[in-house]
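Structural description and commentary
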Amino acid sequence: MSSSEQKDVEEKGSLISGLLDKAKGFFAEKLANIPMPEATVDDVDFVRVTGQGADYHAKVSVKNPYPQSIPICQISYILKSDTRMIASGTIPDPGSLVANGSTVLDVPIKVPYSIAVSLMKDMFLDWDIDYQLDVGLTIDIPVVGDITIPVSTQGEIKLPSFADIFNSKPSE
């Protein structure tokens, strides 16, 4: 190959490389500006005590800015008290987010009896559990792919009174 031909190949390669860099920048900018669904934890409540432990219920609100529904791949959660994990789990394929609106997702949380007993120290001080709930909502956005929206909240869960324990509904 002559030096003239090699120079032409290098110029074309440089031109193509420049175009690819511009295209990457264009798509990266467009993807960065795509509106994403937003999620918040609205509430965490005690439901009942069973033979296996305590059942809690979290409500997560998700706003979908898109004109089409978005499938939810899974919801994962970790419930901590005093930086110690007391419950975790995954809910596969819980449905879809409604188009151009808000969807409230129910996240059932089961705290095993053995862990609930070990929380007695915090319980007897103020009859509640200081908690941190971390939720990962994995959704499938067309073109972009699967993304996980992290949501975290802290608060206090009021514990049931003895009357609540003895009057709770039987396990379903």
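What this report covers is the structure whose coordinates are included nearby. Being a predicted model, the structure only gives us computed values, none of them experimental. (Residues numbered from 1 in each chain as written. Predicted model: local features only at pLDDT ≥ 70, side-chain atom pairs only at ≥ 80, totals over all residues. Heavy atoms only, no water.)

**Digging into the pairing of strand E7 (residues 145–158)**
Pairing of strand E6 (residues 128–141) with E7 involves 14 bridges; the strand directions are antiparallel. When the bridges of E7 are listed, Val-135 appears paired with Val-151. Between E6 and E7, which pair antiparallel in sequence order, lie three residues; one of them, Val-143, sits at a positive phi of approximately 75°. (Pairing = 2+ DSSP bridges. Helix = DSSP H or I, 4+ residues; strand = E, 2+ residues; numbered from the N terminus.)

**Here we look at the sheet that holds strand E2 (residues 53–64)**
Read across the sheet, three strands follow the order E1-E2-E5 without closing on themselves; strand pairing throughout is antiparallel. The strands lining the two open edges of the sheet, one partner per strand, are strand E1 (38–49) and strand E5 (101–112). With direction set aside, neighbouring strand axes in the sheet form an average angle of 20°. Pairing of E1 with E2, which is carried by 10 bridges, proceeds in the antiparallel orientation. (Axes fitted to C-alpha atoms, helices over the stretch in contact; angles between N-to-C directions.)

**Here's the deal with the sheet that holds strand E4 (residues 84–97)**
The strand order across the open sheet built from four strands is E4-E3-E6-E7, with neighbouring strands paired in antiparallel fashion. Lying at the two open borders of the sheet, with one neighbouring strand each, are E4 and E7. Taking each pair of neighbouring strands and ignoring which way they run, the sheet shows an average axis angle of 15°.

None of this, on its own, says anything about what the molecule does.
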